[in-house]
Amino acid sequence: MRRERFIAGNWKMNKGASESLEFLRKLSVLLEQGEDIPDNVNMALFPQAVNIIPMADHIRSSGVNVLLGIQNIHCKPSGAFTGENSIPCAIEAGAKLALVGHSERRHIFREDDLLVSNKYLACLEQGIEPLLCVGETEEERNRGLTKDVIERQVSSVFSSDRVIMAEQERILIAYEPVWAIGTGMNATAGDARECCALIRDLLSGLGGPSLAARSLISYGGSVKSSNSEDYLEQEEIDGLLIGGASLDPDEFYRIICNAF
Ligand code: PEP
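(A) Seen up close, the pattern of salt bridges. Taken as a whole, this structure holds 16 salt bridges when the rule is applied. Its salt-bridge partner being Glu-22, residue Arg-25 comes within 3.3 Å of it at the nearest N-O pair. Highlighted residues: Arg-25 and Glu-22, both in helix H1 (residues 17-33), separated by three residues, approximately one helical turn. Of the residues examined, Glu-22 reaches a relative accessible area of 35% and is grouped as partly exposed. With its nearest N and O atoms 2.9 Å apart, the salt bridge here joins Arg-254 to Glu-251. Highlighted residues: Arg-254 and Glu-251, both in helix H11 (residues 249-257), separated by three residues, approximately one helical turn. For Arg-254, a relative accessible area of 41% puts it in the partly exposed group. In this structure Glu-251 comes out as buried when scored by relative accessible area, which is 12%. When salt bridges that share partners are traced, they join Arg-3, Arg-200, Glu-236 and Asp-238 into one network.

Structural data, given as structure tokens:
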């Protein structure tokens, strides 16, 4: 049986509250007018943190079946950390998911493997579902280090004996090669499939085959509706994490429709 699908948009530092709500209104119309979306297709959006409350209110009242996630969290639930987002407050606002280890956090904000691993653990402890992003830079790819980087980034989170993997219903990971994010240079479907398969093998080794089998591994990096099917038809790729193309409701909807 096919695993669930996971189609998520990362809006990064884009869209104010009114634009975010306008997006949801347009998406609701498209979803109402189009074919029924099967229950196994999970749709998620990661807006700016300040827009989670109005979006969650809109989702509750309109019934549109979209999960909200927060783009960045702090490990501590509260305290003197000016400018950071607390997990309990994100949950109260309506977030169900949290991005952890996104390449922009790793490379622009210098988050290292230890911090990513601590953030992942904080998500589990404080009750929000983490979506871990991993992927190599262009230089690492040119040096033939893609697999080593993925292995290091995955195992630095899951080999920690503080992460009790077996207790997780599923694990969400996005393979996002850094050189493909926002560049228009997407990975080939074959390369993305190999990397997603490698991640599943790693999960199997770390947490057992059944956890690996029910985990959702997505690809991200310059996905648009015109190339989304190439990825989604690969057995090992369960979903997509989409940046730029997810800002347009028509485009996001077309990608959702390619998932079933
Ligand atoms: C991302 O931000 O995770 C991403 C994949 O961006 P884009 O689709 O724009 O490459």
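(B) Region of interest: the site of the ligand. Neighbouring the ligand are 14 residues, the closest being Lys-12, Glu-176, Gly-182, Ser-222 and Gly-243. Interatomic distance of 2.8 Å between a backbone N/O atom of Gly-243 and an oxygen atom of the ligand. A distance of 2.9 Å is found between an oxygen atom of the ligand and a backbone nitrogen or oxygen belonging to Gly-244. Contact with the protein chains covers 95% of the free accessible surface of the ligand, which is 290 Å². Looking at side-chain class alone, the shell around the ligand contains four nonpolar, eight polar and two charged residues.

(C) Seen up close, the sheet that holds strand E3 (residues 66-70). Strand order in the closed barrel made by the eight strands is E1-E2-E3-E4-E5-E6-E7-E8, with parallel pairing throughout. Neighbouring strand axes in the sheet, compared pairwise and without regard to direction, differ in orientation by 25° on average. Pairing of strand E2 (residues 41-46) with E3 involves three bridges; the strand directions are parallel. From the neighbouring strand, Leu-45 faces E3, where its bridge partner is Leu-68. Sheet strands in contact with helix H10 (residues 225-232) are strand E1 (5-10), strand E7 (216-220) and strand E8 (239-242), and its direction is about 145° off that of E8.

(D) The packing of aromatic side chains, seen in detail. According to the stated counting rule, one finds five aromatic pairs in the structure shown. When the centroid spacing of 6.0 Å and the interplanar angle of 50° are considered together, the rings of Phe-23 and Phe-252 count as tilted. Taken as a pair, Phe-23 in helix H1 and Phe-252 in helix H11 lie far apart in primary sequence, 229 residues in all. What makes Phe-252 buried here is its relative accessible area of 0%. Ring centres 5.1 Å apart and planes at 75° place the aromatic pair Tyr-120 and Phe-158 in the edge-to-face group. Of this pair, Tyr-120 sits in helix H5 (residues 113-126) while Phe-158 sits in helix H7 (residues 146-158), and the two are 38 residues apart along the sequence.

(E) Broad picture of the pairing of E7. With five of five residues buried, E7 lies mostly within the body of the structure. The two faces of E7 match: Leu-216, Ser-218 and Gly-220 on one face and Ile-217 and Tyr-219 on the other face are all buried. For strand E6 (residues 172-175) and E7, the ladder comprises four bridges, and the chain directions are parallel. From the neighbouring strand, Tyr-175 faces E7, where its bridge partner is Tyr-219. With three bridges joining them, E7 and E8 adopt parallel strand pairing. Within E8, the residue paired with Ser-218 across the bridge is Gly-239. In this view, the connection linking E7 to its parallel neighbour E8 by way of H10 has right-handed handedness.

(F) The arrangement of the environment of Leu-232 in detail. As for its placement among the helices and strands, Leu-232 is situated in helix H10. Filtering out sequence-adjacent residues up to four positions away, Leu-232 remains in contact with Arg-2, Arg-5, Ile-7, Ile-237, Asp-238, Gly-239, Leu-240, Ile-255, Asn-258 and Ala-259.

(G) The layout of surface pockets, seen in detail. Computed from the structure, the largest pocket encloses a volume of approximately 400 Å³. If you trace the largest pocket, you find 16 residues lining it, with Lys-12, Met-13, Gln-71, Asn-72 and Arg-105 closest to the centre. Of the residues in the lining of the largest pocket, the class split is seven nonpolar, six polar and three charged. Computed from the structure, the second largest pocket encloses a volume of approximately 210 Å³. Lining the second largest pocket we find 14 residues, and of these Leu-31, Ile-37, Met-43, Val-64 and Asn-65 sit closest to its centre. Residue classes in the lining of the second largest pocket are distributed as six nonpolar, four polar and four charged.

Rules used in this analysis
Each chain carries its own residue numbering, running from 1 in the written order of its sequence. Per-residue local features of the predicted model are confined to residues with pLDDT of at least 70, and side-chain atom pairs are confined, for both listing and counting, to 80 or more; whole-chain, interface and lining totals are unaffected and use all residues. Only hydrogens and water are removed before side-chain values are computed, so all heavy atoms of the structure are retained for them. Salt bridges are identified by distance alone: a Lys or Arg side-chain nitrogen within 4 Å of an Asp or Glu carboxyl oxygen. Numbering goes from the N terminus for both helices and strands, where a helix is a DSSP run of H or I of at least four residues and a strand is a run of E of at least two. Burial here depends on accessible area, computed with a 1.4 Å probe over protein chains only, as a share of the maximum for the residue type. Under 20% is buried, over 50% is exposed, and the range in between is partly exposed. Note on terminology: near, applied to a residue and a molecule or strand, indicates that one of the residue's heavy atoms is within 4 Å of it. N or O atoms within 3.5 Å of each other form a polar contact, as long as, within protein, one can give a hydrogen and the other can take it, and as long as residues adjacent in sequence are counted only when both atoms are side-chain atoms. Areas reported here follow the Shrake-Rupley algorithm with a probe of radius 1.4 Å; residue values treat only the protein chains shown as occluding. All amino acids are sorted into three groups, where Ala, Val, Leu, Ile, Met, Phe, Trp, Tyr, Cys and Pro are nonpolar, Asp, Glu, Lys and Arg are charged, and the leftover types, Gly among them, are polar. Paired strands, as defined in this entry, are two strands with at least two bridges between them according to DSSP. Fitted lines through C-alpha atoms serve as axes, helices being fitted only where they are in contact, and the angles separating the N-to-C directions of these axes extend from 0 to 180 degrees. What makes two residues a contact is simply this: any of their non-hydrogen atoms within 4.5 Å. A pair of Phe, Tyr and Trp rings is counted when the ring centres sit within 6.5 Å of each other, with Trp represented by its six-membered ring. The angle between the planes then sorts it: under 30 degrees is stacked, over 60 is edge-to-face, the rest tilted. For a crossover, the right-handed case is the one in which the path from the first strand over the helix to the second runs clockwise, viewed with the strands pointing away from the viewer. Of the two site types, the cavity is a set of points on a 1 Å grid over the protein atoms alone where a 1.4 Å probe fits but cannot get out, and the pocket is an open set with protein on both sides within 12 Å along at least five of seven lines, each lined by residues with an atom within 4 Å of a point. Grid points are joined across faces, edges and corners, and a volume is the space filled by probe spheres set on the points.

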